[in-house]
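# Residue-level structure breakdown
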Amino acid sequence: MSRYSSYSFKAFIAMPLFLLSLSACSPSQVQTSQATETYRYAQTTIKAAAISSDGLLSLIAEPKQICLWNNKSKQQQMPCITGKDAEHIELVGISTSQQYFYTSNQMVVRLYQLQANKKMILVNEWYADNNIINDIAISANGDTLLLGYRNGQASIINTKTAEKSVFQQHRLDINAVALSADGQLAFTGSSDKTATVWKTGDGEKTAVYQHRTRVNHVDISDDGRLAFAIDSINDRAFWQIGGKNETELSELQTSLKFLEINHSAFSADKRHFLTGSPKQKIMLWRVSDGELVGQWQSAKVGRSSVLQVAFASPNNIAIITSDGNYQVFPLTLLNSVSYTHLTLPT
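Residues numbered from 1 in each chain as written. Predicted model: local features only at pLDDT ≥ 70, side-chain atom pairs only at ≥ 80, totals over all residues. Heavy atoms only, no water.

### Here's the deal with the overall build of the protein chain
The test is simple: Going along the chain from the N terminus, every DSSP run of H or I of four or more residues is numbered as a helix, and every run of E of two or more is numbered as a strand. Throughout this description, buried means an accessible area under 20% of the type-specific maximum (1.4 Å probe, protein chains only), exposed means over 50%, and partly exposed covers the range between. The contact criterion used throughout is that any non-hydrogen atoms of two residues lie within 4.5 Å. The method behind every accessible area is Shrake-Rupley, applied with a 1.4 Å probe, and residues are considered shielded solely by the protein chains displayed.
Across its full length, the protein chain carries one helix and 29 strands. In the protein chain, which comprises 346 residues, the share counted as buried stands at 54%. Excluding contacts between residues fewer than 6 apart, the proportion of contacts in the protein chain whose partners are at least 24 apart in sequence is 47%. In the form shown here, the protein chain has an accessible surface area of approximately 15200 Å², with 49% of it arising from carbon and sulfur atoms.

### Structural notes on the sheet that holds strand β16 (residues 185-190)
The following threshold applies: Two strands pair if DSSP finds at least two bridges between them. Only the contacting stretch of a helix is used when fitting its axis, a line to C-alpha atoms as for every element, and angles between N-to-C directions run 0 to 180 degrees.
A sheet is described by the order of its strands in space; here four strands give the open sequence β15-β16-β17-β18, paired in antiparallel fashion. Each edge of the open sheet carries a strand with a single partner, namely β15 (174-179) and β18 (205-210). Neighbour-to-neighbour, the strand axes of the sheet open up by a mean angle of 15°, direction not taken into account. Examined bridge by bridge, β16 and strand β17 (residues 194-199) share five bridges and lie antiparallel to one another. In the sheet register, Gly189 faces β17, and the bridge partner there is Ala195.

### Here we look at the side chain of His217
Applicable threshold: Distance and chemistry together define a polar contact, namely a pair of N or O atoms within 3.5 Å, with one atom able to donate a hydrogen and the other to accept it when in protein, and with adjacent residues in sequence counting only for side-chain atoms on both sides.
Within the fold, His217 resides in strand β19 (residues 215-220). Classification of His217 as buried rests on a relative accessible area of 7%. Here Ser264 takes part through its side chain, which lies 2.7 Å from a polar atom of the side chain of His217. If we ignore the near neighbours within four places in the chain, the residues touching His217 are Ala176, Phe228, Ala229, Ile230, Ile261, Asn262, His263 and Ser264.

### A short note on the pairing of strand β14 (residues 163-168)
Moving residue by residue along a regular strand, the side chains alternate between the two faces of the sheet. Relative to β14, strand β13 (residues 153-158) runs antiparallel, the two being bridged by six bridges. Residue pairing for β14: Ser155 is matched across the bridge by Val166. Hairpin connection of β13 to β14: four residues between the antiparallel strands, including Ala162 at a positive phi of 70°.

### Quick look at the state of the cysteines
Threshold: When two cysteine sulfur atoms are found within 2.5 Å, that pair is recorded as a disulfide.
Throughout the structure, instances matching the rule amount to one disulfide. Through a disulfide, Cys67 is tied to Cys80; the S-S separation comes to 2.0 Å. Between Cys67 and Cys80, the S-S torsion sits near 115°, and that sign places the bridge as right-handed. Pair noted here: Cys67 is in strand β4 (residues 65-70) and Cys80 is in the loop between β5 (75-76) and β6 (81-82), with a separation of 13 residues, a long-range link. Pair check on accessibility: Cys67 and Cys80 agree, each one buried.

### Quick look at the packing of aromatic side chains
We count it as follows: Aromatic rings from Phe, Tyr and Trp, taking only the six-membered ring of Trp, are treated as a pair when their centres fall within 6.5 Å; an angle between ring planes under 30 degrees marks them as stacked, one over 60 as edge-to-face, and anything in between as tilted. Counted as over-ring charges are cases with an Arg CZ or a Lys NZ within 6 Å of the ring centre that also lie within 35 degrees of the ring normal.
Taken as a whole and judged by the stated rule, the model has 13 aromatic pairs. A centroid spacing of 4.7 Å and a plane angle of 55° characterise the contact between Phe266 and Phe273, whose relative ring orientation is tilted. No difference in accessibility class separates Phe266 from Phe273, as the two residues are buried. An aromatic cluster of three or more residues is present, and its members are Tyr39, Tyr41, Trp69 and Tyr326. Stacked on the ring of Tyr39, the Lys or Arg Lys74 has its end atom at 5.9 Å from the ring centre.

### Here's the deal with unusual backbone geometry
You will see that Lys193, though not glycine, has its phi angle at about 75°, which is positive. Tracing the sequence through the fold places Lys193 in the loop between β16 and β17. Classification of Lys193 by relative accessible area gives partly exposed; the value is 38%. The phi dihedral of Gln280 is positive, around 60°, even though this residue is not glycine. Among the structural elements, Gln280 can be located in the loop between β24 (272-276) and β25 (281-286). The exposure class of Gln280 is buried, given its relative accessible area of 9%.

### Details of the sheet that holds strand β20 (residues 226-231)
The strand order β19-β20-β21-β22 describes an open sheet built from four strands, whose pairing is antiparallel. Of all the strands in the sheet, the pair left with one neighbour each is β19 and β22 (247-251). With direction set aside, neighbouring strand axes in the sheet form an average angle of 25°.

### A look at the pairing of β13
Alignment of strand β12 (residues 144-149) against β13, held across five bridges, turns out to be antiparallel. By the bridge assignment, Gly148 is partnered in β13 with Ala154. Connecting β12 to the antiparallel partner β13 that follows it, the hairpin turn spans three residues, and Gly152 within it adopts a positive phi of roughly 90°.

These results come straight from atomic positions and should not be treated as a statement about function.
This is the structure:
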């Protein structure tokens, strides 16, 4: 039996992938370059940061303030949040629409709305009660929040109605969560060695992937068709989800015994997958076969870690590190390598 299992019986059928041309680079060639832009938003170590999906905005949680920056002008987008609401922040995020962002100290999550003239309002706040929030995801339009708790439960919050639904999706801690752009599909990874795909409306599980150790990081594409999960030792797979078959597409091809991922992002066409690690490493992987095709080193001030990564444009990637550095690296591989789009289920 495979070390992965689907929630319902699934036949593992190889998905057709048609590689037309790799003339610009071979699997042994790994793109790299120096940063074209470096700007330090914080002069102290930060624990939480977020970059908007288009790379325009950065949300930085310093020890005593939370600031939203415009990455083009390097100006603050609004007055910084200070006081008790800015203390002990561990989790932040920005909706794709750029209308909402959240902050959390793992006991309460607050949702803010950005308005014209550099103003913002606190929309609402939700408490974890007796739980500890380990991870949060937000839908593209900000209508849905997904919270993963230390006790294996997950909450879905409708931010328009303030209604919160709680589902017991795992036996042990939920370490990582991801949400499709429309907020309809959740992907959660747990210390119970499973990564689970489920519907946010009623909590119904559609697939469960078994791992050998605790699942530390998960991600899902905007359309909810591709997923990625990594455990603490060796399982690092992309999955085709939805349709008639749940199939493993590929695994990351690396000789690293331990690979940690703080944050990740699928490219818009789902051909590539960008990851940031605790050791100042930014890596670009080809989804079709898991090959490493790009690698960069972030600027190092202290013992910094890459907290966030983003495809800022078809030609650039952007990152934020724990020492407050925002950096941009040129990306040429997406334009120079030609092959067809993944054949996905309808």
